[in-house]
Amino acid sequence: GIIITYGASQALYNILDTIGDEEILIPAPFWFAFPHIVAQGRGRLKIIQTSAENNFKLTPQLLEQSITWKSRILILTNPNNPTGVVYTREELDALVKVLAKHPRLLVVSDEVYNLVVVDDVPCPSISSWPEIHDRVLVVNSFSKNYAMSGLRGGFIASHPSWTDIYLQKQNYST
């Protein structure tokens, strides 16, 4: 299902506020507003440090080491803001193998820049893997991809079982 939101920030807030007091995994570097949105949603931020050796990308090993019984959401940004790196299908496939072993863990796929790539670099969505498709919540925005900054149009695309939950949140907050 699809829910139209007042920008991608509201989409993120709707998701994180609904989840509540849970551990949110975010690979660093990340968009500066993520810690604030996590805090407003009452979540507990757990930063996963990446390194230049891996082009500042989350690796399967880092992901596996970071997941605990308290982990509820992984926020994965592809392409990444601020680094601009894009995960390949092979890199996402390796992450999906780890995620498939942790059925409690949801994935918020921040794809706000998915159409703003150079040299026609493919930017696959982690939502296209069937083994985790029902646990992926894609957050996107019209402002970056369509040069509409300031118009605050965004959306959540997810499995229909999640759509009703976030629609209720939005109905009473907007």
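Thresholds, definitions, all that
- Residues numbered from 1 in each chain as written.
- Predicted model: local features only at pLDDT ≥ 70, side-chain atom pairs only at ≥ 80, totals over all residues.
- Heavy atoms only, no water.
- Helix = DSSP H or I, 4+ residues; strand = E, 2+ residues; numbered from the N terminus.
- Rg over C-alpha atoms; globule rule 2.2 N^0.38 Å.
- Contact = heavy atoms within 4.5 Å.
- Areas by Shrake-Rupley, 256 points an atom, 1.4 Å probe, with all protein chains shown as cover.
- Lys, Arg positive; Asp, Glu negative; His and termini not counted.
- Charge placed at Lys NZ, Arg CZ, Asp CG, Glu CD.
- Pairing = 2+ DSSP bridges.
- Axes fitted to C-alpha atoms, helices over the stretch in contact; angles between N-to-C directions.
- Buried < 20%, exposed > 50% of the residue type's maximum accessible area, 1.4 Å probe, protein only.
- Polar contact = N/O pair within 3.5 Å; in protein donor to acceptor, adjacent residues only side chain to side chain.
- Phe/Tyr/Trp six-rings, centres within 6.5 Å; stacked < 30°, edge-to-face > 60°.

(A) Representation of the overall build of the protein within the structure. Of the regular secondary structure elements, the protein holds six helices and seven strands. For the protein, the sequential pattern of α-helices and β-strands runs β-α-β-α-β-α-β-α-β-β-α-β-α. Scaling as 2.2 N^0.38, a compact globule of 174 residues should have a C-alpha radius of gyration of about 16 Å, and the protein matches this with 15 Å. Oriented by its inertia axes, the alpha-carbon framework of the protein measures out at about 45 × 40 × 30 Å. Once local pairs closer than 6 in sequence are excluded, the contacts in the protein between residues at least 24 apart make up 69%. Carbon and sulfur atoms make up 57% of the accessible area of the protein, which amounts to about 8500 Å² in all. Of the charged side chains in the protein, 14 are positive and 16 negative; the average position of the first set lies 7 Å away from that of the second.

(B) Representation of the sheet that holds strand E2 (residues 23-28) in the model. The strand order across the open sheet built from seven strands is E1-E7-E6-E5-E4-E2-E3, with neighbouring strands paired in mixed fashion. Both edges of this open sheet fall to strand E1 (2-5) and strand E3 (44-49), since each of them pairs with a single strand only. Taking each pair of neighbouring strands and ignoring which way they run, the sheet shows an average axis angle of 20 degrees.

(C) Spatial organisation of the side chain of Asn80. Structurally, Asn80 can be placed in the loop between strand E4 (71-77) and helix H4 (89-99). Here Asn80 falls in the buried class, since its relative accessible area comes to 11%. Only 3.3 Å separates the side chain of Asn80 from the backbone oxygen of Pro29, close enough to count as a polar contact. Setting aside its immediate chain neighbours within four residues, Asn80 contacts Pro29 and Val85.

(D) The packing of aromatic side chains, seen in detail. Scanning all chains against the criterion turns up four aromatic pairs. Seen in terms of ring centroids, Phe142 and Tyr146 are 6.5 Å apart; in terms of plane orientation they differ by 35 degrees. Their pairing is tilted. The interplanar angle of 40 degrees and the centroid separation of 5.6 Å between the aromatic rings of Phe142 and Phe155 together place this pair among those described as tilted. Here Phe142 is found in helix H5 (residues 142-145), whereas its partner Phe155 is found in strand E7 (residues 154-158), with 13 residues between them in sequence. With relative accessibility at 17%, the residue Phe155 sits in the buried group. Grouped by ring-pair contacts, the aromatic residues Trp31, Phe32 and Phe34 constitute a single cluster.

Any functional reading would require information beyond the geometric quantities listed.
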